[in-house]
Amino acid sequence: MTAGLFTLLFLLALAISLSLQLWLARRHVRYVLARRSTVPAHFADRITLAAHQKAADYTVARTRVGVVDLLLDAVVLLALTLGGGLALLAEWIAALPVPPLARDVALIIAVALLAGVLALPLAWYRTFVIEERFGFNRMTLRLWIADLVKSALIGAAIGIPLVTLVLWLMARAGALWWLYAWLAWVAFQLLMLVLYPTVIAPLFNKFEPLTEASVKERVEQLLARCGFKARGLFVMDGSRRSAHGNAYFTGFGAARRIVFFDTLISRLAPDEIEAVLAHELGHFKLKHVLKRTAWFAAGSLALLGLLGWLVGEPWFYAGLGVPGPAPRYGVALVLFMFALPAFTFLASPLAAMYSRRHEFEADLYAARNASAPALISALVKLYEDNASTLTPDPLHSAFFDSHPPAPARIARLELGAR
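Described in the following lines is the structure provided in the data block. (Residues numbered from 1 in each chain as written. Predicted model: local features only at pLDDT ≥ 70, side-chain atom pairs only at ≥ 80, totals over all residues. Heavy atoms only, no water.)

Okay, the overall build of the chain next. Each helix and strand counted, the chain has 16 helices and four strands in total. Its C-alpha atoms give the chain principal-axis dimensions of roughly 65 × 50 × 40 Å. Taking all 418 residues of the chain together, 43% fall into the buried category. The long-range share in the chain, meaning contacts at least 24 apart out of those at least 6 apart in sequence, stands at 75%. Total accessible area on the chain is roughly 21,000 Å²; 67% of this is exposed by carbon and sulfur atoms. (Helix = DSSP H or I, 4+ residues; strand = E, 2+ residues; numbered from the N terminus. Buried < 20%, exposed > 50% of the residue type's maximum accessible area, 1.4 Å probe, protein only. Contact = heavy atoms within 4.5 Å. Areas by Shrake-Rupley, 256 points an atom, 1.4 Å probe, with all protein chains shown as cover.)

The following block contains the structure:
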């Protein structure tokens, strides 16, 4: 491999990835708009035309903003790599009178800050223009800024020690540093499963014990039937930020919790809440969480092994616009994260297909342990309340949707209920 050849491969991968995503977005917009004027026959008695059109318009607006985001990301990527931006930043930081490890950490912090600042305008636009226009946003500018500050501080408190450890291992742990870094990464992920529900999430939202008697009774009976134990049932003040609704499991071991958005509690009937929870419970009982964690760990190991090889190859640095000696651990880590999405995008349908299969299985579990009609009713309400389109482009969905389209999910549930 030469630097010139790797540059060509990178540009080719980026061009294919970018062109395909732009084409899929264009297809998606056209497909949704072409079906905007008519509610799908299967939903004609469940979804109003106004709700269907709102979902179509919301989907189109989000997709178009996504296109802008995609193009800006590509421009920034090329500017930082082949445009020499990262090389210049690395040169400045190399002049700092601090040890090499501190310089590498400083480089990654600088890149993260730059990326965060560049992402702010579109993040603001999504919240205060798109979400506001369709009636979902309940955030104030003050709360939005407070969330940004909290996220940055938490990211620094957690991310800087982890990055420092990985960089230290890269420099000091020998040829197998990537294996030790992987073990540290897995341990970090397990730690986050414990800390997130009890330490991090309460910094952003209030969690109150579930008190509504009819819902609590159904949920407790469902957990007993399924042999599932949780430390608590909580209602989160999701309405403080958004009108979207959801429910989820979080945590690990003794920190495991079941959380309902308050918007979900107010919108769904008790049997519908039970059915939604049964679906989420299905992911645990069918070991979907364990399987996804295992695949994620295996993928992380493979990628770190690849980085372990690339870090010592001068053509890797020069091919991405940062010529010079090898290894340079901070630069290698940044370049790897920059280049990886372009080379892995074509694998997106495989990951999405795997996730959608799990969703179908969890739906079937819910139908068997709660009520298929109640789950169907809940899904219709959630799709309507969240303005999720009933008519996504199938090819776009195959690349990007971790959940099956509503018609496919409901058709399977109705077939299983017969």
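Turning our eyes to something else, we now look at the packing of aromatic side chains. Under the defined criterion, the tally for this structure stands at 15 aromatic pairs. Seen from their ring centres, Trp 185 and Phe 296 are 6.3 Å apart, and the 45 degrees between their planes marks the pair as tilted. Taken as a pair, Trp 185 in helix 6 (residues 177-200) and Phe 296 in helix 10 (residues 288-310) lie far apart in primary sequence, 111 residues in all. Taking the relative accessible area as the measure of exposure, Trp 185 reaches 27% and is therefore partly exposed. The partly exposed category is assigned to Phe 296, whose relative accessible area is 43%. Each residue in the set Phe 6, Trp 309, Trp 315, Phe 316, Tyr 317 and Phe 343 is aromatic and connected to the rest through ring pairs, giving one cluster. (Phe/Tyr/Trp six-rings, centres within 6.5 Å; stacked < 30°, edge-to-face > 60°.)

Turning our attention to the sheet that holds strand 1 (residues 207-209). Ordered by their spatial adjacency, four strands build an open sheet running 1-2-4-3, and the pairing between neighbours is mixed. Two strands bound the open sheet, and with one partner strand each, they are strand 1 and strand 3 (247-250). For this sheet, the mean inter-axis angle between neighbouring strands, taken without regard to orientation, is 30 degrees. Inspection of the sheet shows strand 1 paired to strand 2 (residues 232-236) by three bridges, in the antiparallel sense. Among the inter-strand pairings, Phe 207 is bridged to a residue of strand 2, identified as Met 236. Across the sheet, helix 7 (residues 213-226) lies against strand 2 and strand 4 (257-261), angled at about 135 degrees from strand 2, the strand it touches most. (Pairing = 2+ DSSP bridges. Axes fitted to C-alpha atoms, helices over the stretch in contact; angles between N-to-C directions.)

Further remarks concern the side chain of Asn 205. Looking at the element boundaries, Asn 205 is found in the loop between helix 6 and strand 1. Owing to a relative accessible area of 13%, Asn 205 belongs among the buried residues under this scheme. Setting aside residues no more than four positions away along its own chain, Asn 205 makes contact with Met 236, Asp 237, Gly 238 and Arg 241.

What follows deals with the packing of helix 9 (residues 270-285) against helix 14 (residues 372-385). Contact geometry for helix 9 and helix 14: axes closest at 8 Å, N-to-C directions at 90 degrees. By the angle between their axes, helix 9 is roughly perpendicular relative to helix 14. Residues Asp 271, Glu 272, Ala 275 and Val 276 of helix 9 form the contact with helix 14, whose own contacting residues are Ala 374, Leu 375, Ser 377, Ala 378, Lys 381 and Leu 382. (Parallel < 35°, antiparallel > 145°, perpendicular 65-115°, else oblique.)

What follows deals with helix 12 (residues 329-344). An α-helical segment advances 3.6 residues per turn. Residues three or four places apart therefore align on the same side. Along its 16 residues, helix 12 runs 22 Å from first to last C-alpha, staying within 8% of the 22 Å computed at 1.5 Å per residue. The largest bend in helix 12 comes to about 25 degrees, at Phe 338, with the proline Pro 341 one to four residues further on. Most of helix 12 sits inside the fold, with 12 of its 16 residues counted as buried. Of all the residues in helix 12, the buried ones are Tyr 329, Gly 330, Val 331, Ala 332, Leu 333, Val 334, Leu 335, Phe 336, Phe 338, Ala 339, Leu 340 and Ala 342. (Expected span 1.5 Å × (residues − 1). Bend = angle between axes of the 7 residues up to and from the residue.)

Turning next to the pattern of salt bridges. Going through the model one piece at a time under the given rule, you end up with 11 salt bridges. Salt-bridge contacts for Arg 27 lead to Asp 393; the nearest nitrogen and oxygen are separated by 2.8 Å. Taken together, the residues span a long stretch of sequence, with Arg 27 in helix 1 (residues 3-34) and Asp 393 in the loop between helix 14 and helix 15 (394-400) at a distance of 366 residues. The exposure class of Asp 393 is buried, given its relative accessible area of 1%. A salt bridge links Glu 131 to Arg 62, with the nearest nitrogen and oxygen atoms 3.8 Å apart. Residue Glu 131 is found in helix 4 (residues 100-133), and its partner Arg 62 is found in helix 2 (residues 49-80); the two are separated by 69 residues along the sequence. A residue is classified by how much of its surface remains accessible, and Glu 131, at 12% relative accessible area, is buried. It is possible to trace a salt-bridge network through shared partners that takes in Arg 218, Arg 225 and Glu 274. (Salt bridge = Lys/Arg side-chain N within 4 Å of Asp/Glu carboxyl O.)

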